[in-house]
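A closer look at the structure
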There are 4 protein chains.
Amino acid sequence: MEKMMDRCGLFGMFDNNGFHTSHLIYYGLFSMQHRGMEAAGICVNDNQGNFSYVKDEGLVTEVFDEMKLEKLQGHAGIGHILRYDGSDARENAQPIVIRYTSGHMAVALNGGLTNIEEIRHDLELKGSVFQTMEAAEVISVLISRARNNYPTIEEAIASIMPMLKGGYAMLVMTPRKVIGVRDPQGIRPLVLGREDHSWFLSSETCAFDELNVDYVRDIQPGEIVVINAEGPHSIQGMPAQPIRACIYEYIYYSHPASVFGGQEVYKARYNMGCHLAKEAPADADAVVWVPDSGLAAAAGYADTLGIPMVDAFVKNKYYGNNLVKPEGILFDRKIHMKLSVIKSQVKDKNIVVVDDSMVRGTTAQTLVELLRHAGAKSVHLRIASATISHPCYYGASMPEEKKLIFHEQGVDAVCKMTGADSLAFLSSEGMVAACPDAAGGFCMACFNGDYPTK
Amino acid sequence: MEKMMDRCGLFGMFDNNGFHTSHLIYYGLFSMQHRGMEAAGICVNDNQGNFSYVKDEGLVTEVFDEMKLEKLQGHAGIGHILRYDGSDARENAQPIVIRYTSGHMAVALNGGLTNIEEIRHDLELKGSVFQTMEAAEVISVLISRARNNYPTIEEAIASIMPMLKGGYAMLVMTPRKVIGVRDPQGIRPLVLGREDHSWFLSSETCAFDELNVDYVRDIQPGEIVVINAEGPHSIQGMPAQPIRACIYEYIYYSHPASVFGGQEVYKARYNMGCHLAKEAPADADAVVWVPDSGLAAAAGYADTLGIPMVDAFVKNKYYGNNLVKPEGILFDRKIHMKLSVIKSQVKDKNIVVVDDSMVRGTTAQTLVELLRHAGAKSVHLRIASATISHPCYYGASMPEEKKLIFHEQGVDAVCKMTGADSLAFLSSEGMVAACPDAAGGFCMACFNGDYPTK
Amino acid sequence: MEKMMDRCGLFGMFDNNGFHTSHLIYYGLFSMQHRGMEAAGICVNDNQGNFSYVKDEGLVTEVFDEMKLEKLQGHAGIGHILRYDGSDARENAQPIVIRYTSGHMAVALNGGLTNIEEIRHDLELKGSVFQTMEAAEVISVLISRARNNYPTIEEAIASIMPMLKGGYAMLVMTPRKVIGVRDPQGIRPLVLGREDHSWFLSSETCAFDELNVDYVRDIQPGEIVVINAEGPHSIQGMPAQPIRACIYEYIYYSHPASVFGGQEVYKARYNMGCHLAKEAPADADAVVWVPDSGLAAAAGYADTLGIPMVDAFVKNKYYGNNLVKPEGILFDRKIHMKLSVIKSQVKDKNIVVVDDSMVRGTTAQTLVELLRHAGAKSVHLRIASATISHPCYYGASMPEEKKLIFHEQGVDAVCKMTGADSLAFLSSEGMVAACPDAAGGFCMACFNGDYPTK
Amino acid sequence: MEKMMDRCGLFGMFDNNGFHTSHLIYYGLFSMQHRGMEAAGICVNDNQGNFSYVKDEGLVTEVFDEMKLEKLQGHAGIGHILRYDGSDARENAQPIVIRYTSGHMAVALNGGLTNIEEIRHDLELKGSVFQTMEAAEVISVLISRARNNYPTIEEAIASIMPMLKGGYAMLVMTPRKVIGVRDPQGIRPLVLGREDHSWFLSSETCAFDELNVDYVRDIQPGEIVVINAEGPHSIQGMPAQPIRACIYEYIYYSHPASVFGGQEVYKARYNMGCHLAKEAPADADAVVWVPDSGLAAAAGYADTLGIPMVDAFVKNKYYGNNLVKPEGILFDRKIHMKLSVIKSQVKDKNIVVVDDSMVRGTTAQTLVELLRHAGAKSVHLRIASATISHPCYYGASMPEEKKLIFHEQGVDAVCKMTGADSLAFLSSEGMVAACPDAAGGFCMACFNGDYPTK
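It should be emphasised that the depicted structure is a prediction, and the values quoted were computed from it without experimental measurement.

Examining the overall build of chain A
- Within chain A, the regular secondary structure consists of 17 helices and 24 strands.
- For 454 residues, the compact-globule formula gives about 22 Å, and the C-alpha radius of gyration of chain A, at 23 Å, lands near that figure.
- If you line up chain A on its principal axes, its C-alpha atoms span 70 × 45 × 45 Å.
- Split into buried and exposed, the 454 residues of chain A put 66% on the buried side.
- Look at the contacts in chain A between residues 6 or more apart in sequence, and 69% of them connect residues 24 or more apart.
- Just so you have it, chain A exposes about 15,700 Å², and 50% of that area is on carbon and sulfur atoms.

In structure tokens form, the structure reads like this:
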């Protein structure tokens, strides 16, 4: 699908054994690179409460090298990868690292707060100044201000949680602790892992798989988990509300091998394809999947209808930002470079293309064009999620409401725009039914406008 | 499969219309980046017979940027991407550009000559000196020396072809011509394309697809095709022998969408999977394919036996050379980073993994390990080509004979090394049968030692 | 002399005419590069009160290029170059840019505050957090907190000036103003320039010379000059105290062509050489100067005594940080690389070397060694300033007290260490007498411990 | 003076003791960086006759780093720095390294051959091809072709020397030798140095000074010095003709501390100033020198006439290629950035500016403009060499004849163009008289058209 809705990734650890903290966080972040490509940062605690950090714009592999990782020596640390739409990813890289009365504090945030501007303004009135656009900076000020009134940092965090409206997961590091926080409705994910006496916090379980760390459990809605030299313990930062996990993590954001709330992501995507097949079957000769996103849903769709799934698109794996873009006459030649088509797979066939989601429809348009050029008889588009009609305020960087194609257009108009012979989407009920193993409910606000917070 | 046998790529053109020569060659090379990652080069002719070029080590997108392409102005040009094992790809980047009595000449070569050292030594005795290890440099000297004795450059090329023992395709650019040459047995591929009055030569048809250039035909064994302002014409450089096209182009080297000699590569790979299924069926619950190489063969295998094909491996698309490598204790943690496994797809199942080829067996070993760690009940390896037992002297950079695993070991020993429950290969007959559309015979020397030249 | 005491540079402007703000600040900073090599930054105001900035570690020419300057569009702006000893110049680059209740504010500081830690701690108790080690960040918080209580920003600045103990010059930019502030004793310099309706603030007049801007006057001790669309006007931020200008600006920091308080720097240096000649004549055949610092003083010394001044040292102008350092056996070879000696100028002569100042004595040691190796009969060192015995708290990055060579050692011991035949320094009286045109007194605390503030 | 006539530098060594060959060559080249800034290269012999090399465009410190030097292990080696006017310094970097019947050979050249095109053409007719524009490549082919006919490489070199018309110094490295060659008239310099059992060849003695290597002697005109494990021995490659050393080495090219033929460069320059003072005195209040070139001549001029020499120009030492250039309105502001003027030194004075040479007159124009702007009453230009009226064919990259300002204009016209009140040059006789210690005659062809070769 169209690249547009990634969000941030978090990885933190407290190591009682060895000392490869920065390297392990590096690999943890790298395994979740799909959650954010704009910036990356790691902050470590040198055992003495002195924090050092490296953060910059770029991929994990661009921001860090062996020399930088070597310099980041410590037994505890937190890392962050940033998904950012603005022009200055570098200034907004996290973790935010501050000095205040109780020493150093580092904060990394995944998520969105609907009232961030109000909180920021309120703090400005109280004399605070801000150097970035990041909510994490605002939260660091809130916590530091609350700190003096509470015996522990976790109680200070609990005291400010009622102010934070939205969906978020957060890591906070202090001189003696690494702390994980999840919003009271569990909108954004956060999981706990363990290896002997070392403990880990991550946005996704796929990072644990890579490091051979055992997945222990999901952090609960409203929970504050505190890891120190004695291991983890928790307090309930806010009363847990019924869970409203972001369903988009299953549809698109997360790694297919990750598991949240008992539900494996790949399996959910496959199921979405199955339900889509039942809801919107197509009379086609072949099901085609879209690299890299739509494989699972296409398999479910194909298996359900008994239509053969074929490989038609080949992605050029060297495609990237440094490719010189075709312009002028070259642009008119329709040099796609990113995807090519294996003609024999589609020529003279009725094709159904299954993708995971649709935001602006431009990718779908290209797919249809490529298939028709390769000789497809007909092209039917099937999207394994519902139509996106509302903006997300909890951390997904979707376009403004006005720019969402389904804000003003119906499915028929969009189908016409893409050039497909038919277009259908999975229903909301189908999406939910595709995640039978997930405990609790979902946030599906971007599909139906039912926001879990005001 | 294990990365080890890429080979060079060629792209040339003579443009009677527009003037995007360097850009078009750039996109042509980029679409064949899989043929060589070590170096890239483009040389253009400015209409006046003055050649300018840029060549360096690195990917196409690393060697060139818009500014460099802009400087390479001309109506004709040739480009090259290099697969190189040595330490100094930069010094050996092609095209080789020389000045001699008849002005400039640029030479780019894909292939291997078994008697290159003898030719070089002979030329040294005649007073030539060499600055690279490239056969292309030797050939440029041969041609320039022959040039004075013949009225045309193509006749000079024809005169030296009998000296060249091996398999090769070659581009030669002179002040007024772009010339393509294919060895008399057609071991290495070369195809001709056209768009209006512009003509193109390429190693693969996939480059034509990208540029919306029409594929005209394969260059014939021993043919010298000369493109100038009047368009292409040919002479027979050497008598054509029965074709012996490299079967490895079908098995692994080429882009799946490419077509050689009438046979589409993807279809050949799929057929190899079908034949493999018949020759070596496995009693398994699921067929697993290996990114990125084994998809086609796995599909053929699964379809033939009616076993469901599942997605089990997920490749981290950000994996690359700049990843900090896990060392010491981190290495022992078996941090793979490149591939991860979707556990639900393989847990408690009997798995058959289909890959396209096996050179050293180390990749297979990792695959088996990953699947067993994810809970597979049994793991059967099926390779959709025969065992490689002989070195290639025609341009494939395979290990020396002694390092080929099947030089000393049998299939059983290798199976044990990989940790698989069973291991089987496709027969030579199966490989040939999988390419029914290909006109003529194949070079399968690396499988059976039957070399087309001495 | 030994590189060690540079300090920061400031350049700001408010342009009512054209729009080359970022370029002009760039050239202004570049002309004062000698004041700080660690980092550089420019922040501009886009006419609408929106600030954009670029800052990073490195030289002015490394931090900025045409593209970055083009992006910094605005009619007003301030720039800063940083002299920094710590390990992370990048995090401490200025200007500090913040958002607070009244919009954006940018602050750039040259100088040192003796009570910065107390102020910071006090602000932390009030809920502020800090992300850098820079006093400029602390000051930005002070001003923003005071802002609500005063009708204008300049009054807010005036209200916090009594809290700032030390020597400083400062630029503050707000959505409608560019403001210059100088400490009440005028320890650090700040000058005002004009070109038609555009107004400029700079640490040194040499920047005005480069830009063909007219030098108007020095900002007065305690003065706050406010430049807006109507031009400049001033308020007295604090009552002016008797001026105590840093004499080290004349000795070493400033560009020789700069003028402060009516006194040209070059002339002051020349005079110091004259006074030194009278106080400590040497019976020598030739006066040798040290690139690049000691030319003026050596000329004064030579002229006063009638000894010929000769060129003996030649600096390798390509010498820089990226030179591979000689190590091991190569180090023992005494490969200096930076300076070479013209032997004929010193062989068999009695030489007097005049340098501007001495901090650790290591440079002097090298100079003596080079001259003796070249055949000098005797080598006399004359330093055109007094012995440094006290640390500077006002912005000069000198070593701690203990590391100053004259903290524990007398002149004789240092002379012995350098290997010179004799060593003498200019008296404090001589330094003052060398600046007859400067209005007011000097801070000479690093020479005599008489600090203007507590 | 105007930068335009640098030329190449050579440094080679044969080490019987230690193994810092590449490092020592690196420092040797670095100390002669003024001879060429476009490219640098080092080739070493690993004791076994295998050559490895690194060469690229850029300064010595840009081309090499510790890692690259470490890889260049060997007991013997030669290095080169290139002065190049063309667009592709990289392709023309030296040494040229070739393989031929007798193994490896590396060649580095400083100088120019008037008949290089004829030789190249002749070799092309014999079947040679060329990949660069460098004469060194042509010479490597000549030597390799001659090699078979002579028992030793030095005899082969001697056999081709009569073919080489022009001025040159050359280093040749073979598997067992490092060889230095100087043209039969000694136009280009080459000197021999020693440290214990290690022997060195260099373009200038300043490199020996830096490395604490003892200067032994100049290589004689026509001499071939061969250094191998037994030390150096010589043969006379061609009969020595009367020496015609390039006088421009004394005027501008060489390091002031270097000595050729017994004459120190600094002293020669000082003497030129003295003679100039006698030939063309100026009634001035002060003599001003031009950084970095004119110091010595200005001192001689001032001393002779008893006029005080003052420092008026200050060069911005951070000035370089990466400075964003002032364009448009900024250009019209006359932002020089490179040089600034100390006004008090020139205001209301009659100034005489002494520079070493004048090629196009543009620098002089800028100097006059700067001085007048700073308030000089009058400005007299004195050039410590004669007017350049003929092109150099022996390695100096001067403009074509037509572009030399004195080709068509007289001194008066040029004086007017520069805006000076008067302009005078040193006579040819004065230049010669300024080098009394130099044995033999000079090539002064660029001044008088008397070329030593046809």
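Quick notes on the packing of aromatic side chains
- Tallying each qualifying case throughout the model produces 48 aromatic pairs over all chains.
- With a centroid separation of 6.1 Å and 85° between ring planes, the pair formed by Y250 of chain D and F260 of chain D is classed as edge-to-face. Of this pair, Y250 of chain D sits in helix α8 (residues 248-253) while F260 of chain D sits in strand β15 (residues 259-260); the two residues are 10 residues apart in sequence, bridging distant segments of the chain.
- For Y250 of chain D, a relative accessible area of 3% gives the class buried.
- For F260 of chain D, a relative accessible area of 5% translates into the label buried.
- Through a chain of ring-to-ring contacts, the aromatic side chains of Y248, Y252, Y253 and F447 of chain A assemble into a single cluster.

Details of the interface of chain D and chain C
- At the interface, 59 residues of chain D touch 58 residues of chain C.
- Together, the buried faces of chain D and chain C total about 4,800 Å²; carbon and sulfur atoms form 58% of this surface.
- Summed over the shared surface of chain D and chain C, the result is two salt bridges.
- Summed over the shared surface of chain D and chain C, the number is 18 residue pairs in polar contact (both at pLDDT 80 or more).
- Looking at which element gives the most residues to the side of chain D that touches chain C, the answer is helix α1 (residues 21-30) of chain D, with five residues.
- For the side of chain D that touches chain C, the per-class residue count stands at 29 nonpolar, 15 polar and 15 charged.

Notes on the UniProt feature "binding site: Mg(2+)" (unreviewed entry) in chain A
Residue and element names in this part refer to chain A.
- Under the UniProt annotation, "binding site: Mg(2+)" (unreviewed entry) lies at S293, D355 and D356. Spatial clustering of the annotated residues is evident: they stretch over 64 residues in sequence, but the largest pairwise C-alpha distance comes to 7.0 Å.
- On the basis of relative accessibility, which here comes to 18%, the residue S293 falls in the buried class.

Quick look at the sheet that holds strand β23 (residues 422-425) of chain B
Residues and elements named next belong to chain B.
- One open sheet accounts for five strands, arranged β18-β17-β21-β22-β23; its pairing is parallel. Two strands close off the open sheet at either side, each with one partner strand: β18 (309-310) and β23.
- Across four bridges, strand β17 (residues 286-289) lies against strand β21 (residues 350-355) in parallel orientation. Bridge pairing links W289 to V354 in β21.

Here we look at unusual backbone geometry
Residues and elements named next belong to chain A.
- Cis rather than trans, the peptide bond between Q94 and P95 has omega equal to 0°.
- Along the chain, P95 falls in the loop between β4 (76-82) and β5 (96-100).
- Phi angles above zero are rare outside glycine, and D196 is one such case at about 55°.
- Along the chain, D196 turns up in the loop between β9 (191-195) and β10 (198-202).
- Given a relative accessible area of 56%, D196 falls into the exposed group.

Some thoughts on the pattern of salt bridges
- Within this structure, the stated rule accounts for 44 salt bridges over all chains.
- Ionic pairing is found between D209 of chain B and K343 of chain A, a salt bridge with its closest N-O pair at 3.6 Å. Taken together, the residues D209 of chain B in helix α7 (residues 206-211) and K343 of chain A in helix α12 (residues 343-346) connect one chain to another.
- Residue K343 of chain A is classed as partly exposed on the basis of its relative accessible area of 38%.
- Between R244 of chain C and D450 of chain C there is a salt bridge, with its nearest N and O atoms 3.5 Å apart. With R244 of chain C in strand β14 (residues 244-246) and D450 of chain C in the segment after α17 (445-448), this pair connects stretches of sequence that are 206 residues apart.

A word on helix α5 (residues 135-147) of chain D
Residue and element names in this part refer to chain D.
- With 13 residues, α5 extends 18 Å between its outermost C-alpha atoms, agreeing within 8% with the 18 Å of an ideal straight helix rising 1.5 Å per residue.
- With respect to burial, α5 is a largely interior element, 12 of its 13 residues being buried.
- A135, A136, E137, V138, I139, S140, V141, L142, I143, S144, A146 and R147 are the residues of α5 that are buried.
- Taken together, the buried residues of α5 touch β5 (96-100), β6 (103-113), α4 (116-125), α6 (153-160) and β7 (166-174).

Regarding the interface of chain A and chain B
- Opposite the 58 residues of chain A that make contact, chain B presents 58 residues.
- For the pair chain A and chain B, the interface holds two salt bridges.
- Counting every contact that joins chain A to chain B gives 18 residue pairs in polar contact (both at pLDDT 80 or more).
- Counting residues per element, the side of chain A that touches chain B draws most heavily on helix α1 (residues 21-30) of chain A, at five residues.
- Of the residues belonging to the side of chain A that touches chain B, the class tally is 28 nonpolar, 15 polar and 15 charged.

Quick look at the sheet that holds strand β21 (residues 350-355) of chain C
Residues and elements named next belong to chain C.
- Strand order across the open sheet formed by five strands is β18-β17-β21-β22-β23, with parallel pairing between neighbours. Edge positions in the open sheet fall to β18 (309-310) and β23 (422-425), since each of these has one partner strand only.
- Summarising the sheet, strand β17 (residues 286-289) and β18 pair through two bridges and their orientation is parallel. Along β18, the bridge assignment pairs V288 with V310.
- Strands β17, β18, β21 and β22 (378-383) of the sheet are contacted by helix α10 (residues 295-305), whose axis makes an angle of about 170° with β17.

Examining the relation of the copies chain A and chain B
- Expressed as a screw operation, the relation of chain A to chain B combines 0.0 Å of axial shift with a rotation of 180°, fitting to an RMSD of 0.1 Å. Such values leave the two copies arranged in the relation of a two-fold axis. For chain A, the minimum C-alpha distance to the rotation axis belongs to K317 of chain A and amounts to 4.0 Å.
- A share of 100% of interface residues in chain A that are also interface residues in chain B marks the association as one of identical surfaces.

Concerning the side chain of T453 of chain A
Residues and elements named next belong to chain A.
- Along the polypeptide, T453 turns up in the segment after α17 (445-448).
- Assessed through its relative accessible area of 16%, T453 is described here as buried.
- Among the polar contacts made by the side chain of T453, one reaches the side chain of Y394 at a distance of 2.8 Å.
- Excluding anything up to four places from it in sequence, T453 contacts T114, G166, Q185 and Y394.

What about the relation of the copies chain D and chain C?
- Mapping chain D onto chain C calls for a rotation angle of 180° and an axial translation of 0.0 Å; the resulting RMSD is 0.1 Å.
- Both copies contact each other with a shared surface, as 98% of the interface residues of chain D are interface residues in chain C too.

Let's talk about the arrangement of the chains
- As for chain C relative to chain B, no contact occurs, and the smallest C-alpha gap between them is 15 Å.
- Across all C-alpha pairs, the smallest distance from chain A to chain D is 15 Å, and the two are not in contact.

Some points on a negative patch on the surface
- On the surface, a cluster of negative charge is contributed by D65, E66 and E70 of chain A together with E327 of chain B.
- Along the chain, E66 of chain A turns up in helix α3 (residues 66-71).
- Residue E66 of chain A is classed as partly exposed on the basis of its relative accessible area of 32%.

Considering the environment of L339 of chain B
- Topologically, L339 of chain B is positioned in strand β20 (residues 339-341).
- Of the residues examined, L339 of chain B reaches a relative accessible area of 13% and is grouped as buried.
- Separated by 23 residues in sequence, L339 of chain B and N316 of chain B place their C-alpha atoms 6.1 Å apart.
- Each residue touching L339 of chain B, except ones within four places of it in the same chain, is listed here: E210 of chain A together with P291, F313, V314, K315, L367 and L370 of chain B.

Examining the packing of α4 of chain D against α5 of chain D
Residues and elements named next belong to chain D.
- Put simply, α4 and α5 touch, their axes get as near as 10 Å, and they point 50° apart. With respect to α5, the element α4 is oriented oblique. Every pair of crossing elements has a handedness; the one defined by α4 and α5 is left-handed. Contacts between α4 and α5 involve I116, I119, R120 and L123 on the former and, on the latter, A135, V138, V141, L142 and R145.

Points about the pairing of strand β4 (residues 76-82) of chain C
All names here are of chain C.
- Burial runs high along β4: seven of the seven residues are buried.
- Every second residue of β4 is oriented toward a common face, with A76, I78, H80 and L82 on one face and G77, G79 and I81 on the other, all of them buried.
- With six bridges connecting them, strand β1 (residues 9-14) and β4 associate as antiparallel partners. Directly across from L10, in β4, lies its bridge partner H80.
- The pairing of strand β2 (residues 39-45) with β4 spans seven bridges and is antiparallel. The residue of β4 that forms the bridge with I42 is G79.

The rules behind the values
Residues numbered from 1 in each chain as written. Chains lettered and ligands numbered in written order. Predicted model: local features only at pLDDT ≥ 70, side-chain atom pairs only at ≥ 80, totals over all residues. Heavy atoms only, no water. Helix = DSSP H or I, 4+ residues; strand = E, 2+ residues; numbered from the N terminus. Rg over C-alpha atoms; globule rule 2.2 N^0.38 Å. Buried < 20%, exposed > 50% of the residue type's maximum accessible area, 1.4 Å probe, protein only. Contact = heavy atoms within 4.5 Å. Areas by Shrake-Rupley, 256 points an atom, 1.4 Å probe, with all protein chains shown as cover. Phe/Tyr/Trp six-rings, centres within 6.5 Å; stacked < 30°, edge-to-face > 60°. Buried area = accessible area lost by both parts, 1.4 Å probe. Salt bridge = Lys/Arg side-chain N within 4 Å of Asp/Glu carboxyl O. Polar contact = N/O pair within 3.5 Å; in protein donor to acceptor, adjacent residues only side chain to side chain. Nonpolar A, V, L, I, M, F, W, Y, C, P; charged D, E, K, R; others polar. UniProt positions renumbered as here; feature names shortened; annotations may be inferred. Pairing = 2+ DSSP bridges. Expected span 1.5 Å × (residues − 1). Axes fitted to C-alpha atoms, helices over the stretch in contact; angles between N-to-C directions. Least-squares fit on C-alpha atoms with pLDDT ≥ 70 in both. Patch = residues over 30% accessible without salt bridge, like charges linked within 9 Å, V, L, I, M, F, W, Y side chains within 5 Å. Lys, Arg positive; Asp, Glu negative; His and termini not counted. Charge placed at Lys NZ, Arg CZ, Asp CG, Glu CD. Parallel < 35°, antiparallel > 145°, perpendicular 65-115°, else oblique. Left-handed = near helix turned anticlockwise from the far one by under 90°.

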